[in-house]
Amino acid sequence: MLQSIRDNSQSIVAKIIVGLIIVTFALFGVESLVSLTAGSDAPATVNGEEITQQEFYQATELQRRQLLSQMGENADPTLLDENLIQNMVLDSLIEQKTLLLAAQDQGLLISDRMIDQMIVSTPDFQLDGKFSAEQFEAVLRNVGLTPLMYRDLMRKERLIQQTKNAIEFSAFSTSGAVEQLVALDRQTRSFSYFPLSLEQAKQSVNVTDAEIAARYEEQKDSLLTDEQVIIEYILLDKLALRDTISVSEDDLRAQYDQLLASFKAEEQRPVAHILVEINGDVDEAAALAKANDLKAQLDAGADFTELAKAESDDIGSAASGGDLGVNGKGVFVSEFEDAMFALDAGATSEPVKTEFGYHVIKVGELSEKTPPTFAEAKFDLTDEVTDNKVEALYVEKLEQLADVSFSSGDLIEPSEVLDIAIETAAPFSRNGGDNAVTENKRVIDAAFSAELIQDGVNSAPIELDSDRTVVIRVREHQPPRPQALEEVAQLLKETLQTEKAAAVLKEQADAAVAALQEGSDINTVAAGRAVSNEENVSRTASEIDPALLQQVFAMAKPVAGKATTGTAELSDGSLAVVALIGVTAPTAEISADEQRFIEGFLQSRVGQQEYQGAVEVLKDAAVVEKL
């Protein structure tokens with residue numbers, strides 16, 4: 001089942017769902033991988049409105065599938081932590097419910113027509129550039145969604161987006177802020193510096209055996225070896241079972257009969273329409289009159305596509321000549337659908353009234369799904385039968401493994417019953433071992449559990465992934481022990497060397513900075529070390545050590561021609577003594593296009609900050625009760 005979930009999660013719809021619920025799941029990442037335990041109660045209320053058990057289940061399952069998809073083909077479901085996901089999903093659902101209630105209080109709404117237009121125009125629901133009901137349903141089915149569930153997700157996301165847009169699009173920036181940002185961004189700085197090498201300082205310091213021994217005495221209680229275990233295990237591998245499976249012609253014929261029985265011949269109709277909307281400016285009579293006129297023009301030979309582009313009020317399809325793609329039943333409202341299926345191929349309907357207005361509908365060439373022949377399907381049928389038999393055999397052996405390993409005092413009997421060899425892993429710590437079994441988090445947790453270590457029992461079956469399950473037994477437990485001085489002497493020596501060298505560098509750097517502040521020339525202070533002189537360096541200079549560059553642009557502007565001095569720790573641990581000589585403001589004016597771009601950037605940043613602030617205010621004001 002886990003493999004099926006992972007495969008489905010890698011489809012296009014996984015990306016669609018993440019896009020739709022980005023507000024809800026913005027805080028999630030692969031580091032917080034989780035799974036769901038069925039049977040959770042409705043977890044919370046927000047301002048008296050329940051977050052239902054169904055909402056909680058759906059949100060958690062969607063997140064779980066997306067996380068598996070992000071992990072790729074070799075995703076390990078055993079790494080998922082159910083408690084963490086449920087807590088994070090609950091927090092996100094509380095935030096979502098808070099925002100939806102706020103949108104409701106503001107009278108915001110999304111019409112069914114808008115939802116229909118978004119669905120029809122979504123590229124992932126189209127085949128050959130046209131909406132396909134079959135594709136729509138298949139994509140949703142892959143992640144366990146129904147069209148109604150999908151529409152509900154879209155409605156929630158759009159309602160939240162309305163509030164977000166209203167706040168973000170109202171943000172603005174001033175010309176002064178733009179000028180200040182440009183001045184800071186394009187400012188350049190001139191400076192000189194010389195490095196004090198950490199490696200050279202290490203060579204100049206001496207660490208005695210007495211110092212090492214003293215440090216050992218200070219830290220010996222913490223200088224312990226890692227706790228380790230040596231485990232034995234038997235591994236049930238589904239892929240290894242495929243070689244034992246045979247598929248007969250009768251098996252294939254039976255599978256083909258099931259295919260035919262489940263195959264639904266469904267007529268698919270390519271359809272286009274021209275919509276005349278009924279609204280505050282156009283009443284029903286006027287809309288009907290216009291629709292009749294359009295029908296008359298079509299009967300007189302007018303081109304449907306061009307007329308739809310010019311006259312249709314459906315903004316989602318007008319640009320494509322009214323094209324709604326290839327559709328089966330259950331996609332459109334009943335009045336539209338009845339008219340569509342009553343038309344012959346190439347025919348155009350009389351005006352049809354729906355809740356959206358009057359439609360003139362045209363149907364293209366008709367098609368009907370037909371099942372493949374036995375010969376055409378044989379290859380896929382063989383895979384299906386093999387997969388089914390392997391799955392059944394795997395489940396059977398998994399039950400055997402659970403029963404026998406539970407009742408056995410060791411792994412010998414399970415090994416004999418299932419004909420699987422006992423393997424022994426190399427010693428490993430709580431950080432894991434070097435193979436697929438001992439690097440698995442669940443295996444590590446089980447191996448270091450008191451039950452397996454103290455009681456010497458076999459573990460319960462542990463699922464490594466959808467194809468492999470293991471039972472382990474701790475053969476030897478190696479508790480942490482204090483390390484002898486000889487074992488850690490070199491490590492302690494290197495630590496002491498680094499500490500002493502860093503202290504020497506600090507003393508040298510402080511003396512150098514003091515000398516520069518008293519007016520000494522940097523070349524004299526450098527005492528033979530190479531001095532680098534950098535002119536008009538920008539913030540984005542890639543050739544300068546990032547830590548040094550950050551320090552240079554954090555230093556105060558020189559006053560009255562006197563350099564500003566300081567030190568910077570470089571990426572290798574060395575220190576640099578720095579003298580900031582000058583700061584140059586940009587002189588070139590920015591273009592109108594650059595001005596607009598920067599204004600837009602600032603507006604976006606301000607808008608995002610204001611929206612996040614508004615969200616926090618709503619959350620703080622909400623009455624939340626976790627059940």
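Above this text you will find the structure in question.
Residues numbered from 1 in each chain as written. Predicted model: local features only at pLDDT ≥ 70, side-chain atom pairs only at ≥ 80, totals over all residues. Heavy atoms only, no water.

Undergrad: Even after reading the chapter, I still don't get the pattern of salt bridges, so can you show me in this structure?
TA: Side-chain pairing between opposite charges can occur once the charged atoms of the two side chains come close. Counting across every chain of the model gives 34 salt bridges. One salt bridge in this structure joins Lys156 and Asp152, with 3.3 Å as the shortest N-O distance. Taken together, the residues Lys156 and Asp152, both in helix α7 (residues 147–168) and four residues apart, mark about one turn of the helix. When its relative accessible area of 16% is taken as the criterion, Lys156 is described as buried. Here Asp152 falls in the partly exposed class, since its relative accessible area comes to 36%. Residue Glu168 is joined to Lys164 by a salt bridge in which the shortest nitrogen-to-oxygen separation is 2.8 Å. Taken as a pair, Glu168 and Lys164 lie in helix α7 at a separation of four residues, close to a single helical turn. A single burial state applies to Glu168 and to Lys164, both of which are buried. Here the residues in one salt-bridge network are Glu55, Lys97, Asp152 and Lys156, joined through shared partners. (Salt bridge = Lys/Arg side-chain N within 4 Å of Asp/Glu carboxyl O. Helix = DSSP H or I, 4+ residues; strand = E, 2+ residues; numbered from the N terminus. Buried < 20%, exposed > 50% of the residue type's maximum accessible area, 1.4 Å probe, protein only.)

Undergrad: When you look at the packing of helix α10 (residues 209–219) against helix α20 (residues 485–517) in this model, what are you seeing that I'm missing?
TA: How two helices pack is summed up by the angle between their axes together with the distance between the axes. For the pair α10 and α20, interaxial distance at closest approach is 9 Å and the crossing angle is 105°. Here α10 lies roughly perpendicular to α20, going by the angle between them. Contact residues: α10 offers Glu211, Ile212, Arg215, Tyr216 and Gln219, while α20 offers Leu485, Val488, Ala489, Leu492, Lys493, Thr495, Leu496, Glu499 and Lys500. Along the lines of polarity and charge, the residues of the contact of α10 with α20 split into seven nonpolar, two polar and five charged. (Axes fitted to C-alpha atoms, helices over the stretch in contact; angles between N-to-C directions. Parallel < 35°, antiparallel > 145°, perpendicular 65-115°, else oblique. Contact = heavy atoms within 4.5 Å. Nonpolar A, V, L, I, M, F, W, Y, C, P; charged D, E, K, R; others polar.)

Undergrad: Explain the sheet that holds strand β2 (residues 49–51) here, please?
TA: Sheet strands pair via backbone hydrogen bonds, and the direction of the pair is either parallel or antiparallel. On the basis of which strands lie adjacent, the open sheet formed by three strands has the order β2-β1-β18 and antiparallel pairing. The open sheet has two free edges, formed respectively by β2 and β18 (624–626), since each of these has just one partner strand. Adjacent strand axes in the sheet meet at a mean angle of 20° when their direction is disregarded. As paired elements, strand β1 (residues 44–46) and β2 share three bridges and run antiparallel to each other. Residue Thr45 lies in a different strand from β2, and its bridge partner there is Glu50. (Pairing = 2+ DSSP bridges.)

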